[in-house]
Amino acid sequence: MSEKMSSIFEKFERSPDQLIPILQEVQREYGYVSPESVKKISRYLRVTENQIYGVSSFYAQFRFTAPGRHSIKVCLGTACHVRGGGTLLEMLERELGIKCGETTDDRRFDLDRVACLGCCALSPVVQIDKEIYSRMTVTKLAELLKKYE
Amino acid sequence: MNKLKKKIKLAKKKWEELQDNTYPVIYVGAASCGRAAGALELISDIDNFLKEHSIDARVIQVGCIGPCYLEPLVDIKMPNQPRISYSNVNSKVLSNILKSHLLEGQPYVRASIGNFSRDTFMDIPPLFQHPMLKPQVRIVLRNCGIIDPEEIDHYLATDGYQGFMNALKMSPDDVIGVVRQAGLRGRGGAGFPTFKKWTVCRNSPGEQKYLICNADEGDPGAFMNRSLIESDPHAVLEGMLIAGYAIGASKGIVYIRAEYPLAIERLKKAIAQMRENGLLGNNILGSKFSFDIKIKEGAGAFVCGEETALIASIEGKRGMPRSRPPFPAISGLFGCPTIINNVETLGTLPNILRNGAEWYNRFGKEGNRGTKTFSLVGKIRRSGLIEVQLGTTLREIIFDIGGGVQKNFKAIQTGGPSGGCLSEEFLDLPVDYESLASAGSIMGSGGLIIMDEDTCVVDVAKYFLDFTQKESCGKCIPCRVGTKHMVEILDRITHGEGNPEDLLTLRNLGDTIKKGALCGLGQTAPNPVLTTLRYFRNEYLEHIKDRRCRAVVCKDLIEYRVIKEKCTGCQSCVRVCPTGAISGPRSEPHNLDPTKCIKCRSCYEICRFEAIAGDAIVIRTAEKRS
């Protein structure tokens, strides 16, 4: 077992209710949940791989492919929706040539939607990595993308 | 107990020193929303300025005081002056403020919004007389934006943990009695009397009982809980102690969305501070009460706001609801009696236990006691986080506090995806649990979304249903299949392909889902559609019969046009058009080819903000196609 994984397991009790926190930690560490890590979690928690996939695919947070260098999340909360969040997402899909939920071929960007970032008063907002950009427009967003390599 | 009392005495002294400061104190509103507006950049600007001018000042990060539309907010308190708030600060304004206020001691009146005293100070009015703040009653939010959320001392100095210490002097049954007298109802949305739930749990047999704080604030457009936790985490945690003591739980869990990293960080710090000060652990403050709190991060599933789904999620399973009874108060987490209270319910408890039930009864009205926080967003002039007494009318909230709507008012959506859209005729409706329900909506957790004539209600109804449909866990058929059908029909209507029978089908489907779904998510999912069908039927019919979207939102029913008389031929739009739909030589009016146009808004925005003409490109309802 890789050292990284065992150091993750050390933080958690060997109990099935720790499955989601472990998956979260694995994703924090590796960026995604790989088939190898599922195998290891299965052995550690004594929970079948099927069950782990069942649980992890239920929750929007978990991804099963390696992430790109930057993650773009377009907020489509109500306030962002009525102020044009959807147009921003369409523009990104067009500019990046990918659909929501995909990664660009050069692995530069991931594109996702998010239900609400809770910055409704500053809508529409887009999150790139850890930054939240408020009061976005199609033109501002196009400029912003250039900042990220 | 004595150790804590000493600590409180010291904290109060420190707090007084901060109020009678001998050095400048700068407060920056740095909750998530303030940060999104640029608060952290301002803090580094402030630090640089202080260094450059060798000023000995204190910079304190506070939470959110409410008026988000004024973000970022920076307050300065000079010795012998009241604390003065500046709004919409950017680096340029900041440097003017700092020069004037810090170096010369003169408040920079032009950017100021109010001062914290009761009187006008050097032409700056009292902040709490501001039209947005004046009608509010701040009980849950009393500390938000005022104290440093990462300092337990600030919370202790403002009578923090007093409510819990009062509770410890009573029997658990008496604590439940106080909450009963106060008339507190669950603030998560359903409004179930808190004491009833508690009594059931208290009387349930079982060694182990759990208290869960539901901070899985999933409603899009709602951020009250996030703001409260980020701005005053100890208030919620103190509420958990009180609730845990009342129901006889020894373990507390905060179930919080992973999308709220700052709130999680602040909770973790606050929990560590509680532990240091003997407020968690065995025999808290020398009593027989032992309690500990853990944080569980949600993993992004809206349905986990539902109690039984939330419990399944904590147990490490797929977050799917189960049928009740048994209610969690009897058999919940790991089969043990469990109480799940909303963040705001818990945040209210310390105030009730500190000031008494009679005091709390002064607010609100019979059957709906106390206050409720709302996030006021959408097409409103003054958006932000507010707290009002229950029974306040929608009109007061929208027009007095919110300052009115940007254009003409069309609708207000309460209760998020589970609530309804109410039209103008409901403006005088008092905001309480029963009145909202009778209008076909719900109180919900407290998102209020204002819509004006530029918002299409059919599009909004589709948006909400699409949201609940995607978040449906798939366990029961009415919700899984029914919502899917409804979304498909709405989708057709917004594409101009609906037919009149659709409206009846929508209603039938909606009624069936409401009756047949397993949990709250499904039972309330049709509300946005049913209410808009009731109050905005004409707009549906326009989409169907005339293929017309009067709000100019539904893409297939609108078109972009260049107004030839206004276009100066500056080529700005030609450059940004991604499909080459706009053409024309420089200095001549451009042509827009509607067959190539994908309605992406790029030309419209560039014409408004950067081009010469400014309004040569318009979006309007498409002419009727035969």
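Residues numbered from 1 in each chain as written. Chains lettered and ligands numbered in written order. Predicted model: local features only at pLDDT ≥ 70, side-chain atom pairs only at ≥ 80, totals over all residues.

> Mind showing me how you'd approach the overall build of chain B here?
Assigned secondary structure in chain B consists of 24 helices and 20 strands. On C-alpha atoms alone, chain B measures out to a radius of gyration of 27 Å, which is about the 25 Å that the 2.2 N^0.38 rule sets for 626 residues. For chain B, the spread of C-alpha atoms along the principal axes amounts to about 80 × 65 × 40 Å. Relative to its full complement of 626 residues, chain B shows a buried share of 55%. (Helix = DSSP H or I, 4+ residues; strand = E, 2+ residues; numbered from the N terminus. Rg over C-alpha atoms; globule rule 2.2 N^0.38 Å. Buried ≥ 20, exposed ≤ 12 C-beta atoms within 10 Å, placed from the backbone.)

> Help me understand the overall build of chain A, please; the structure alone is not making it clear to me.
Broken down by element type, chain A carries seven helices and four strands. Reading the helices (α) and strands (β) of chain A from amino to carboxyl end gives α-α-α-α-β-α-α-β-β-β-α. Each of the three principal axes of chain A carries a C-alpha extent, and together these read 50 × 30 × 25 Å. Across the 149 residues of chain A, 40% fall into the buried class. Partitioning the contacts of chain A with sequence separation of at least 6, the portion at a separation of at least 24 is 57%. (Contact = placed C-beta atoms within 7 Å.)

> Would you mind showing me how to read the interface of chain A and chain B here?
At the interface, 37 residues of chain A touch 46 residues of chain B. Taken together, the residues of the side of chain A that touches chain B sort by class into 22 nonpolar, twelve polar and three charged. (Nonpolar A, V, L, I, M, F, W, Y, C, P; charged D, E, K, R; others polar.)

> Help me understand the nonpolar core in this model?
Soluble globular proteins tend to bury their nonpolar side chains together. Counting residues in each nonpolar core, the largest one holds 220 residues, and the members touching the most others are Val125(A), Val74(B), Ile212(B) and Ile242(B). Here the element with the most residues in this core is helix α10 (residues 233-247) of chain B; it accounts for ten residues. Counting 15 residues, the second largest nonpolar core, distinct from the first, contains Cys577(B), Ala581(B), Cys603(B) and Ala616(B). (Core = buried A, V, L, I, M, F, W, Y, C linked by C-beta atoms within 7 Å.)

> How do you make sense of the environment of Val38(A) when you look at a structure like this?
All names here are of chain A. Within the secondary structure layout, Val-38 lies in helix α3 (residues 35-45). For the pair formed by Val-38 and Ala-121, sequence separation is 83 residues and the distance between their alpha carbons is 40 Å. What Val-38 contacts, discounting residues up to four positions off in sequence, is Val-33, Glu-49, Ile-52 and Tyr-53.

> Explanation requested: the pairing of strand β9 (residues 338-342) of chain B in the structure shown.
For a regular strand, side-chain orientation follows a simple rule: the groups alternate between the two sheet faces. Residues and elements named next belong to chain B. Across the five residues that make up β9, a large majority, five, are buried. Burial along β9 is two-sided: the residues Thr-338, Ile-340 and Asn-342 and Ile-339 and Asn-341 are all buried. As paired strands, strand β6 (residues 210-215) and β9 are joined by five bridges and run parallel to one another. Its bridge partner lying in β9, Ile-212 is registered against Ile-340. (Pairing = 2+ DSSP bridges.)

> Help me out: how do you make sense of the confidence of the model for chain B in this one?
Low pLDDT means the predicted coordinates in that region are not meant to be read closely. Residues with a pLDDT of 70 or more make up 100% of chain B, whose mean pLDDT is 94. Interface scoring of the predicted complex returns ipTM 0.91; its pTM is 0.93. (pLDDT = per-residue confidence, 0-100.)

> Would you mind showing me how to read the domain arrangement of chain B here?
Many structure descriptions define interface size as the accessible area lost when the parts assemble. For chain B, the assigned domains read domain 1 (18-127), domain 2 (161-353), domain 3 (365-452), domain 4 (457-546) and domain 5 (556-621). Using only C-alpha atoms to locate each centre, domain 1 of chain B and domain 5 of chain B end up separated by 43 Å. (Domains from an automatic or database assignment.)

> Which parts of the structure should I look at to understand the sheet that holds strand β12 (residues 371-378) of chain B?
All names here are of chain B. As summarised here, the arrangement of the five strands in space is β13-β12-β16-β14-β15, forming an open sheet in which the pairing is mixed. Both edges of this open sheet fall to β13 (384-389) and β15 (421-423), since each of them pairs with a single strand only. Strand-to-strand twist of the sheet, defined as the mean angle between neighbouring strand axes without regard to direction, takes the value 30°. As paired elements, strand β14 (residues 409-414) and strand β16 (residues 447-452) share five bridges and run antiparallel to each other. Bridge pairing in β16 places Gln-413 opposite Ile-449. (Axes fitted to C-alpha atoms, helices over the stretch in contact; angles between N-to-C directions.)

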